[in-house]
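An overview of the molecular structure
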Amino acid sequence: MHGVKRVQYSKEALEAKRQRDQAKLKEYLALTHDILSRKKNNDMCREAFELTTRLLRVNPEFYTVWNYRRQILEIDMIPKSSAADTNDLLAEDLNLTTALLKQHPKVYWIWNHRRWCLEHVPNGPTEEDSNGWRMANWNKELFVVEKMLEADARNFHAWNYRRYVLGTMPVRRSELSELAYTSRKIEANFSNFSAWHQRSKVLTALWESNTVDPVKSKEEEFDLVKNAMYTDPGDQSVWIYHRWLVGDGGEAALLKREINTIQELLNEQPDSKWCMESLVHYKRLLLQKHTTSFQPGEQVNLVESCIGLLQELGALDPARRQRYKESSEHITRLST
Amino acid sequence: MSTDLELHIPLHVKYIQSLGKSKDDLMYHLTAHLRMNAIYWGLTALCIMKHKDALSREEMIEFVMSCWDDEAGAFGAHPDHDAHIHSTLSAIQILCVQDAMDRLDVDRITKFILSLQKPSGVFAGDKYGEVDSRFSYIAVNALALLGRLHELDTEKTVDYIRRCKNFDGGFGAVIGAESHAAQVFVCTAALAILDRLDVIDQDTLAWWLAERQLPSGGLNGRPEKLEDVCYSFWVLSALSILKKVSWIDADKLMQFIISAQDPDNGGIADRPGNQADVFHTQFGVAGLSLLGYPGLDDLDPVFCMPASVIEARGLKKGWQALPRQPTL
Ligand SMILES: [Zn+2]
C-alpha cells in the first residue's frame, strides 16, 4: 500500500463501515466463487467472460481472473470470430484496460493484458494491408502511453511499455522522433530522470547507426546538460546523465573542459554538492587514465584538490561521509 | 531505550496476528491474490522480531499446501488461484522456515520454474509470459532453496541480467529499462547466489545506491523520487551484498523506519503518517535488522529470510550488515 494516509477511526465509525461493506463483500465473494468454479469446470461461455469483466473492474489485480479471461478468448471467442471481429474484441479489451489504468496506473497485470491483446491482433484488414490493424493498434498504444506519462512522467510501467511498443512497431518509427519526445519531457521537467535515461538509450542507437553525427550530437547534449546544471545544480538527474555523456574518461581534453565548466558553476554556487562530487569524479578519472600526459606538478595539484573537495563534501553531506573518506584514501593511493 | 527510537515489537506481532482474522473485511478479500506473499512477509517479520511462534505452524503449512495448483505443478497465491513463480517462491520460503520442505514435490516445482526460462535467459512469471528480472531472481532463489541450482542454465541467466545493467551501475526490469532500487536488489542478489558479482560495477552501483538517501533519512528507489520504507530493504540489501552499508547514514535511516510505525495499532507504513501494511512491516523490520537494530535476529539480505535458516542450508553468501547493537 502506498500513499494512503492513516486515519484513526472510532470504534463506531469502523463498525458502520464494516456494516456498509457487508453487502459489497457478499456480492464480491459470490462473484469470485462463481467465476472460480466456472473456471474449474472449463466453462468458456460468453456469460463467464462478462463475469470476468465485472470482477476485474472491482479488482484488476486478480491475476487468475485475467488468465481465465484470456483462456476464454483464446479457446472459444477468437476461434469463433472472423478476423475483423477478433480485432474488435481485442479493441474492447484494450478499452477496458485503458479505463482501469486511469485508476490503477501501476498494476502489472493490467499492463500485461494490454501486451497480450496486442500480440493477438490478427492480420488485416486486407491481404494487401495485412499490417493495417496492427499499425492502428500500435499507434493508439503510443497515444495511450503518452497520456499515462502526462499523468505521471516517472511511471516506469508506462516507460517500459512504451519501449515495448516502440520495439515491436510493425513499421519502426525513426529514433529521431523518440529523441524529440525525450526533449519535450525533459523541457517540461529537468528532474525527470526517466526521460534522461530514455534519451541515453535513444542516442546510443542513433550514434551507433550514424543516423546523427555523433560528435556534433554529443556537443549539443553537453549544451543541454550545461543549461540544466545552471538551472538547478541540486538536481541529480542531470549530473547522472552528464556522467553517462562523459563516459569512461578516455579523452583527457574532454575531461579537462568539463572540469572547467563545472568549476565555473561551483564558483557561482560554492556549496553545490553535485559540482564538488562531479569534480572529484572527473579529476579521479584524469588521475587514473592520463598521468603520462601530465605537466610537472599537475598530479599533485589534482590529488590535493580532490582531497580538499572530499573534505568539504564530508562536512556538507555527512550522511555519505564514509564514502568520501574512502574516496580520499583511494585518491591518495593513486598518487603514490 | 530512548522511546522515540523504540520498535514496538509486541504491537507489530499483534498486528501481524490480526491480519488473518479480518475475514469479514472487504480489503482482506480484495488482496487474496497476495495471500501467499503476505504470509511469507508476516512470517519473516515475526522471525526477525523473534516471535516465529505467533502464527500457528500447522495452519500455515496446511494453507500453503491448499494453494498447490496440480495442473501447473506449482503454487498459486490462494486456493484455486493459478500457479505463479512469485507465490511459488513464497510457498517454498515459508516451508523452508517452517522446516517442512518434505511436503514439496521438488521435481515438479523445478520443472515448472525451468519451463519459464525464455531463450534470452530471462524468466516469465507464468505461462502467460510477462518477463522481468524479478522473475530471474525468484527462479534462482527458489532453485537454490530446493537444492536444484545445478539444473539451471547459469550462463544464460546471468547474461540477461547483465544486459539489464545501465550506465549508472543499476539494473532495470528488462533490457533498456531504467535502474530501480528493487530491480537492483533482485539482480544483485541473483548474481550473489550464482557467485557472479563480477558482473556488477560495484563502485558505481554503490555510489548510485548511497545517493538514494534523502535528508529525511529515508531512501528512494530512483533519482528525484520520494522516500519509502520498502526501499530501506531494496537499497540496504544490495549495499550489504556489496559490503557498503557504511556509505549511508544508518542512524537517520533507522529513525525514518521507526517513525513510519503505527504507534497505536502496530505495523509499519511506507512513510510516516500513512496506513501500515504487512509488506512495509516486513521490509521495515528487515531494514532495521540489517542496520544492527538491537534485539532483532539477523536477516539474510540475499534470500530475504532469517539468516540462521540460510546458514543451516549451507547457502550463505559473503554479505555484510552492520553489527548488532547491544542497546540503542
Ligand atoms: Zn513501498
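Please read all numbers here as calculations on a predicted model, not as lab measurements. (Residues numbered from 1 in each chain as written. Chains lettered and ligands numbered in written order. Predicted model: local features only at pLDDT ≥ 70, side-chain atom pairs only at ≥ 80, totals over all residues. Heavy atoms only, no water.)

**Comments concerning the overall build of chain B**
Our working definition: Only DSSP runs of H or I covering at least 4 residues are called helices, and only runs of E covering at least 2 are called strands; the numbering of each starts at the N terminus. Every radius of gyration here is taken over C-alpha atoms, with the globule rule written as 2.2 Å times N^0.38, N being the number of residues. Burial classification: accessible surface area is computed with a 1.4 Å probe over protein chains only, and a residue below 20% of its type maximum counts as buried, one above 50% as exposed, and the rest as partly exposed. Contact criterion: two residues are considered in contact whenever any of their non-hydrogen atoms come within 4.5 Å of each other. Only the protein chains shown count as cover for residues, with accessible areas throughout obtained via the Shrake-Rupley method and a probe of 1.4 Å. Residues scored as charged are limited to Lys and Arg (positive) and Asp and Glu (negative), so that His and the chain ends carry no count. A charged residue contributes its charge at one atom only: NZ of Lys, CZ of Arg, CG of Asp or CD of Glu.
Per the secondary structure count, chain B includes 14 helices and four strands. Relative to the compact-globule value of 20 Å for 328 residues, chain B shows a C-alpha radius of gyration of 19 Å, a close match. Each principal axis of the C-alpha atoms in chain B carries an extent, and together these give about 50 × 50 × 35 Å. The proportion of buried residues among the 328 residues of chain B is 64%. Considering only contacts within chain B whose residues lie at least 6 apart along the sequence, 67% involve residues at least 24 apart. When the accessible surface of chain B is summed, it comes to about 11200 Å², and 50% of that surface belongs to carbon and sulfur atoms. Positive and negative charge centroids in chain B, built from 30 and 44 side chains respectively, lie 4 Å apart.

**What to know about the environment of T86 of chain A**
All names here are of chain A. Of note, T86 is situated in helix α4 (residues 83-103). Owing to a relative accessible area of 4%, T86 belongs among the buried residues under this scheme. For the pair T86 and Q8, spaced 78 residues apart in sequence, the C-alpha separation works out to 50 Å. Sequence-distant contacts of T86, that is, excluding residues within four places in its chain, are made with I78, S81, H120 and P122.

**Considering the packing of helix α1 (residues 11-40) of chain A against helix α2 (residues 46-58) of chain A**
All names here are of chain A. The following threshold applies: The angle between two axes is taken between their N-to-C directions and runs from 0 to 180 degrees, where each axis is a line fitted to C-alpha atoms and a helix contributes only its stretch in contact. Angles below 35 degrees are treated as roughly parallel, those above 145 as roughly antiparallel, those between 65 and 115 as roughly perpendicular, and all remaining angles as oblique. For any pair of crossing helices, the crossing counts as left-handed if the nearer helix is rotated counterclockwise from the farther one by less than a right angle, and right-handed if it is rotated clockwise. For this classification, the nonpolar set comprises Ala, Val, Leu, Ile, Met, Phe, Trp, Tyr, Cys and Pro, the charged set comprises Asp, Glu, Lys and Arg, and every other residue, Gly included, is treated as polar.
Viewed as axis vectors pointing N to C, α1 and α2 meet at an angle of 140 degrees, and their least axial separation amounts to 10 Å. Relative to α2, α1 is oriented oblique. Crossing of α1 over α2 shows left-handed handedness. Between α1, through E27, Y28, L31, T32, D34, I35 and R38, and α2, the contact on the second element is made entirely by E47, A48, L51, T52, R54, L55 and V58. When its residues are assigned to classes, the contact of α1 with α2 shows seven nonpolar, two polar and five charged.

**Some points on the nonpolar core**
All names here are of chain B. Spelled out, the test is: Within this scheme, the nonpolar core is defined by two criteria: the residues are buried Ala, Val, Leu, Ile, Met, Phe, Trp, Tyr or Cys, and they are joined through side-chain atoms within 4.5 Å.
Within the largest apolar cluster, 221 residues are counted, with the highest numbers of intra-cluster contacts made by I113, L145 and W234. Looking at which element gives the most residues to this core, the answer is helix α9 (residues 181-193), with eleven residues. Residues within four places of W234 in sequence aside, it is in contact with A181, A182, F185, F279 and F283.

**A closer look at the interface of chain A and chain B**
Note the following rule: Two parts placed together each lose some accessible area under a 1.4 Å probe, and adding up what both lose gives the buried area. Whenever a carboxyl oxygen of Asp or Glu lies within 4 Å of a side-chain nitrogen of Lys or Arg, that contact is scored as a salt bridge.
Listed by partner, the interface residues are 56 residues for chain A and 56 residues for chain B. Summing both sides of the interface, chain A and chain B together bury roughly 5200 Å²; the carbon and sulfur share of this comes to 51%. A per-residue breakdown of the area chain A buries against chain B is headed by M1, R6 and Y63 of chain A, which together make up 14% of the total. In this assembly, chain A and chain B are joined by seven salt bridges. Residue E211 of chain B pairs with R320 of chain A through a salt bridge whose shortest N-O separation is 3.8 Å. Listing elements by their share of the side of chain A that touches chain B, those giving two or more residues are α1, α3 (63-77), α5 (108-119), α7 (156-167), α9 (193-208), α11 (236-246), α13 (273-289) and α15 (321-334) of chain A.

**Regarding the coordination of the zinc ion**
The test is simple: Only nitrogen, oxygen and sulfur atoms within 2.8 Å of the metal, or 3.2 Å for Na, K and Ca, are treated as donors, and water is left out, so sites may look incomplete.
The coordination sphere of the zinc ion, as far as protein atoms go, consists of H2 of chain A (NE2), D228 of chain B (OD), D228 of chain B (OD), C230 of chain B (SG) and H280 of chain B (NE2), spread over 2.0 to 2.5 Å. The pair D228 of chain B / C230 of chain B is uniform in exposure class, with both members buried.

**Comments concerning the pattern of salt bridges**
According to the stated counting rule, one finds 48 salt bridges over all chains in the structure shown. With a shortest N-O distance of 3.4 Å, E298 of chain A and K256 of chain A are connected by a salt bridge. Of this pair, E298 of chain A sits in helix α14 (residues 298-316) while K256 of chain A is found in helix α12 (residues 252-268), placing the two residues 42 residues apart along the sequence. Among the salt bridges present, the one from D297 of chain B reaches K50 of chain B, with a minimum N-O distance of 4.0 Å. Within this pair, whereas D297 of chain B is found in the loop between α13 (278-290) and β3 (299-300), its partner K50 of chain B is found in the loop between α3 (35-48) and α4 (57-66), the two being separated by 247 residues in sequence.

**Examining the packing of aromatic side chains**
Put simply, the test is: To pair, rings of Phe, Tyr and Trp, with the six-membered ring standing in for Trp, must have centres within 6.5 Å; the planes then decide the type, stacked if under 30 degrees apart, edge-to-face if over 60, and tilted in the middle. Placement of a positive charge over a ring is assigned whenever Lys NZ or Arg CZ falls within 6 Å of the ring centre and within 35 degrees of the normal to the ring plane.
One pass over the structure, following the stated rule, counts 19 aromatic pairs over all chains. Ring geometry for W244 of chain A against F167 of chain B: centres 6.1 Å apart, planes inclined by 45 degrees, an arrangement best described as tilted. In this pair, W244 of chain A sits in helix α11 while F167 of chain B sits in the loop between α8 (154-163) and α9, so the two residues belong to two different chains. With 6.4 Å between their ring centres and 50 degrees between their planes, W234 of chain B and F279 of chain B make a pair best called tilted. You can see W234 of chain B sitting in helix α11 (residues 229-241) and its partner F279 of chain B sitting in helix α13, a full 45 residues away along the chain. In this pair, the class of W234 of chain B matches that of F279 of chain B, namely buried. An aromatic cluster of three or more residues is present, and its members are W41, Y137, F185, F233, W234, F279 and F283 of chain B. Directly above the aromatic system of Y108 of chain A lies the positively charged group of R134 of chain B, at a separation of 4.1 Å from the ring centroid.

**Let's talk about α13 of chain B**
Residue and element names in this part refer to chain B. Put simply, the rule is: What a helix is expected to span follows from its residue count: subtract one and scale by 1.5 Å.
Taking 1.5 Å as the rise per residue, α13 with 13 residues should run 18 Å; its terminal C-alpha atoms sit 18 Å apart, in good agreement. Of all 13 residues in α13, 13 are buried; the element is thus mostly enclosed. G292 sits one or two positions beyond α13 and adopts a positive phi of about 85 degrees.

**So, the side chain of T188 of chain B**
Residue and element names in this part refer to chain B. The test is simple: Contacts described as polar in this section are N or O atom pairs within 3.5 Å, which, within protein, must combine one atom able to donate a hydrogen with one able to accept it, while residues neighboring in sequence count only if both atoms come from side chains.
Residue placement: T188 occurs in helix α9. A relative accessible area of 0% means that T188 is categorised as buried. A polar contact of 2.6 Å, which involves the side chain of T188, links it to the backbone oxygen of V184. Contact partners of T188, with chain neighbours within four places excluded, come to F171, L197, I200, L205, A238 and I241.

**With respect to a nonpolar patch on the surface**
Heads up, the rule is: Like charges are joined within 9 Å and nonpolar side chains (Val, Leu, Ile, Met, Phe, Trp, Tyr) within 5 Å, but only among residues with over 30% relative accessible area and no salt bridge; these make up the patches.
On the surface, a nonpolar cluster with roughly 240 Å² of combined accessible area is contributed by M1 and V4 of chain A together with M27 of chain B. Mapped onto the elements of the fold, M1 of chain A is located in the segment before α1.

**As for the confidence of the model for chain A**
Do not read the predicted coordinates in detail wherever pLDDT is low. Put simply, the rule is: Note on scores: pLDDT gives the predictor's confidence for each residue, bounded by 0 and 100.
For chain A, per-residue confidence averages 96 on the pLDDT scale, and 100% of positions sit at 70 or higher. Element-level pLDDT for chain A is lowest in α1 of chain A, with a mean of 92, against a maximum mean of 98 in α2 of chain A.

**Some words on unusual backbone geometry**
Of all residues except glycine, most have a negative phi; of all peptide bonds, most are trans. Cis rather than trans, the peptide bond between G124 of chain A and P125 of chain A has omega equal to 10 degrees. Structurally, P125 of chain A can be placed in the loop between α5 and α6 (132-151). Located in the positive-phi region is K243 of chain B, a residue other than glycine, with phi close to 60 degrees. Along the chain, the position of K243 of chain B falls in the loop between α11 and α12 (250-259). The exposure class of K243 of chain B is partly exposed, given its relative accessible area of 45%. Positive phi, close to 55 degrees, is recorded for C304 of chain B, a residue that is not glycine. With respect to the helices and strands, C304 of chain B occurs in the loop between β3 and β4 (305-306). Note on C304 of chain B: relative accessible area 3%, which makes it buried.

**A few points about the UniProt feature "domain: Prenyltransferase alpha-alpha toroid" (unreviewed entry) in chain B**
Worth spelling out the cut-off: UniProt positions are given in the numbering used here, feature names are shortened, and annotations may be inferred rather than shown by experiment.
Within this numbering scheme, the UniProt entry marks residues 9-305 of chain B as carrying the feature "domain: Prenyltransferase alpha-alpha toroid" (unreviewed entry). Between the end C-alpha atoms of residues 9-305 of chain B the distance is 18 Å, and the span holds 49% helix and 2% strand.

**So, the confidence of the model for chain B**
Mean pLDDT for chain B: 96, with 99% of residues reaching 70 or above. Our summary of model confidence lists the complex with pTM equal to 0.97 and ipTM equal to 0.96.

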